[in-house]
Amino acid sequence: MYLVLNNKSSNYQLVYFRNGKRTTVSTGTANKKEAENFLASFNPDVKKEIPAKKTSIKLSSFIAEYKTYVKNTYSEKYLTKAVTPSFSRLQAFLPDSPLEYITSKNIDQFISSVYAKSKFAALLYHRTLKAAFNKAVIWNYIQENPFNKIKSPKVVKSFPVYLSEAELILILNKTGDQLLKDIFTTAYYTGMRLNELLSMKWNWIDFTQELIIIKNTNDFNTKNKRERVIPIHPKVNKIFQRYFQIIGNTKYSFVFFRKSGIKLNGEFISKQFKKAVRSAELNDDIHFHSLRHSFASALVQRNVSLYAVKELLGHENIKTTQVYSHLQQESLNKAINLL
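Remember, it's a predicted structure, so these values are computed and weren't measured experimentally. (Residues numbered from 1 in each chain as written. Predicted model: local features only at pLDDT ≥ 70, side-chain atom pairs only at ≥ 80, totals over all residues. Heavy atoms only, no water.)

Examining the nonpolar core
Here is the rule we go by: Residue types Ala, Val, Leu, Ile, Met, Phe, Trp, Tyr and Cys, when buried and joined through side-chain atoms within 4.5 Å, form a set referred to as a nonpolar core. Buried, partly exposed and exposed residues are distinguished by accessible area as a fraction of the type maximum, computed with a 1.4 Å probe on protein chains only: under 20%, between the cut-offs, and over 50%, respectively. Comment: elements are numbered from the N terminus, with helices defined as DSSP H or I runs of at least four residues and strands as E runs of at least two.
Core analysis: the biggest nonpolar cluster contains 40 residues, and I183, F184, M200, F240, F256 and F288 have the highest contact counts within it. Every element with two or more residues in this core is listed here: α6 (165-173), α7 (178-190), α8 (194-199), β5 (211-214), α9 (234-247) and α10 (266-279). The leading source of residues in this core is α7, at seven residues. Formed by 28 residues, the second largest nonpolar core is a distinct cluster that contains F62, L99, Y125 and I150.

In structure tokens, the structure reads:
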């Protein structure tokens, strides 16, 4: 018995003779070492199951295919803030080789090189790329995820920064634009993400039941593709009523806008918020997303269950919400100290 390559297939063929007749069997692989293992274990008297053919794809081609998948399945932010930068760094580190040639050692070296410069970037890249290579396994491009043997980078976990109502007022006092004031206030009392706020239309607002229904539409999807409901806080209700009286019943127009039909720029809103924070001389770690943390923190400190907070924030997993669990302990300690 011996191995051969021919122009009919890219895989090695095993040749043996039965009753003087030449017989050929495919090894199902183009890798010589794998073919040799097939030869060593082959018994012509036993019917051998031919390995399923594995589809080979280069890293660059897989990246393009995976980005298309993410674009159709997840949020634009996940694509631009996580997937794209993660693969860009990986491409800069590794040659454009077939996925099956990427080893755990390659990945370990890559994550270590990133970790030396930025621990948080290493964590992001590890988490994002591990999910991508899991999909490569499902798509039959590789048999095993090379990230599985590499531990997630350890970073110091800090509690989310949140604002008190007094600090929110300081920020609002340093904000001259009424539209920005209304956006900041709505974010604080609803816990909505910035993109949700700027995508919100009047058909999301139920004045009768005093609810905001965050909906998936043709041009907007929530982070986890699930719709959710948030009760309208009285201060937010006043903002909505004021805008509604001016704009009228245009249910498919944006609630917050400068020019009708044109969505506000999220990066501009974030920068204006940061400018107001610095002007108020508050903690420089405070950013727009801190308004969402403030909403959650205020609820937890008022003994609202983490499961209720999870639903209001739209978290897919309770583990994400548990970052606020330390506040429950603080509330319990305060209660005991009252005795």
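Text resumes after the structure shown.
Some remarks on α6
Operational definition: To obtain the arc, one takes the directions from the helix axis to the C-beta atoms.
Considered for burial, the residues of α6 that qualify are L168, I171 and L172. Down the axis of α6, the sector holding all buried residues measures 100 degrees, keeping them to one side. Those residues of α6 that are exposed and angled more than 90 degrees off the buried face are A166 and N173.

Considerations on the environment of Q329
Checked against the element boundaries, Q329 lands in helix α14 (residues 325-337). Separated by 270 residues in the primary sequence, Q329 and L59 place their C-alpha atoms 47 Å from one another.

Here we look at the side chain of K201
For the record, the criterion: Every residue pair with non-hydrogen atoms within 4.5 Å of one another is taken to be in contact.
Structurally, K201 can be placed in the loop between α8 and β4 (205-206). For K201, the residues in contact, after removing those within four places along its chain, are D219, K251, Y252, S253, F254 and V255.

What to know about the pairing of β5
Looking along a regular strand, one sees the side chains alternate between the two faces of the sheet. Heads up, the rule is: Between any two strands, at least two bridges found by DSSP are needed for them to pair.
When β4 meets β5, the two strands line up antiparallel, connected through two bridges. Pairing of D206 across the sheet is with L211, part of β5. Between the antiparallel neighbours β4 and β5 lie four residues, among them E210 with a positive phi of about 55 degrees. Bridge count for β5 against strand β6 (residues 228-231) is four bridges, and the pairing is antiparallel. Across the sheet, L211 pairs through a bridge with P231, a residue of β6.

A few points about the packing of α7 against α10
Convention followed: For helices, the fitted axis covers only the stretch in contact; all axes are lines through C-alpha atoms, and the angles between them, taken along N-to-C directions, range from 0 to 180 degrees. In these notes the angle categories are as follows: under 35 degrees is roughly parallel, over 145 is roughly antiparallel, 65 to 115 is roughly perpendicular, and the rest is oblique. When residues are grouped by polarity, Ala, Val, Leu, Ile, Met, Phe, Trp, Tyr, Cys and Pro land in nonpolar, Asp, Glu, Lys and Arg in charged, and all others, Gly among them, in polar.
The contact between α7 and α10 brings their axes to 11 Å, and the two run at 90 degrees. Classed by the angle they form, the pair α7 and α10 counts as roughly perpendicular. Along the contact surface, α7 presents L180, I183 and F184, while α10 presents I269, Q272 and F273. Of the residues assigned to the contact of α7 with α10, the class counts are five nonpolar, one polar and no charged.

Concerning the sheet that holds strand β1 (residues 2-6)
Adjacent strands of a sheet form backbone hydrogen bonds with each other and so pair up, either parallel or antiparallel. With antiparallel pairing, the three strands of this open sheet are ordered in space as β1-β2-β3. Looking at strand neighbours, the two that pair on one side only are β1 and β3 (21-26), the edges of this open sheet. Taken over all neighbouring pairs, the strand axes of this sheet differ in orientation by 35 degrees on average, direction set aside.

Regarding the sheet that holds β5
The sheet built from three strands is open, its strands ordered β4-β5-β6 with antiparallel pairing. Either end of the sheet is taken by a strand with one partner, and the two such strands are β4 and β6.

Concerning the pairing of β3
Pairing of strand β2 (residues 9-18) with β3 involves six bridges; the strand directions are antiparallel. Looking across to β3, one finds that Q13 is bridged to S26. Between β2 and β3, which pair antiparallel in sequence order, lie two residues; one of them, N19, sits at a positive phi of approximately 55 degrees.

So, the environment of K151
Turning to its location among the elements, K151 is positioned in the loop between α5 (119-138) and α6. It is 38 Å that separates the C-alpha atoms of K151 and N218, two residues lying 67 residues apart in sequence.

Examining unusual backbone geometry
Positive phi is not limited to glycine here, since E210 has a value of about 55 degrees. Structurally, E210 is set in the loop between β4 and β5. Although it is not a glycine, E281 adopts a positive phi angle of roughly 60 degrees. Along the chain, the position of E281 falls in the loop between α10 and α11 (290-301). A relative accessible area of 72% places E281 in the exposed class.

Here we look at a positive patch on the surface
Here is the rule: Like charges within 9 Å and nonpolar side chains (Val, Leu, Ile, Met, Phe, Trp, Tyr) within 5 Å are joined into patches, using only residues over 30% in relative accessible area that form no salt bridge. We get accessible surface area from the Shrake-Rupley algorithm with a probe of 1.4 Å; when it comes to residues, only the shown protein chains can shield them. In what follows, salt bridge is the name for a side-chain nitrogen of Lys or Arg lying within 4 Å of a carboxyl oxygen of Asp or Glu. Only four residue types enter the tally: Lys and Arg on the positive side, Asp and Glu on the negative side; His and the chain ends are excluded. Taken as the charge location is NZ of Lys, CZ of Arg, CG of Asp or CD of Glu.
Positive charge collects at one region of the surface, where K77, K81, R127 and K223 lie side by side. For K223, a relative accessible area of 55% corresponds to the exposed category.

Brief notes about the pattern of salt bridges
Applying the stated rule across the entire model yields 11 salt bridges. One salt bridge connects R226 with E311, and the closest N-O pair in it is separated by 3.4 Å. With R226 in the loop between β5 and β6 and E311 in helix α12 (residues 306-313), this pair connects stretches of sequence that are 85 residues apart. For R226, a relative accessible area of 37% puts it in the partly exposed group. A salt bridge links K310 to E311; the nearest nitrogen and oxygen atoms lie 2.9 Å apart.

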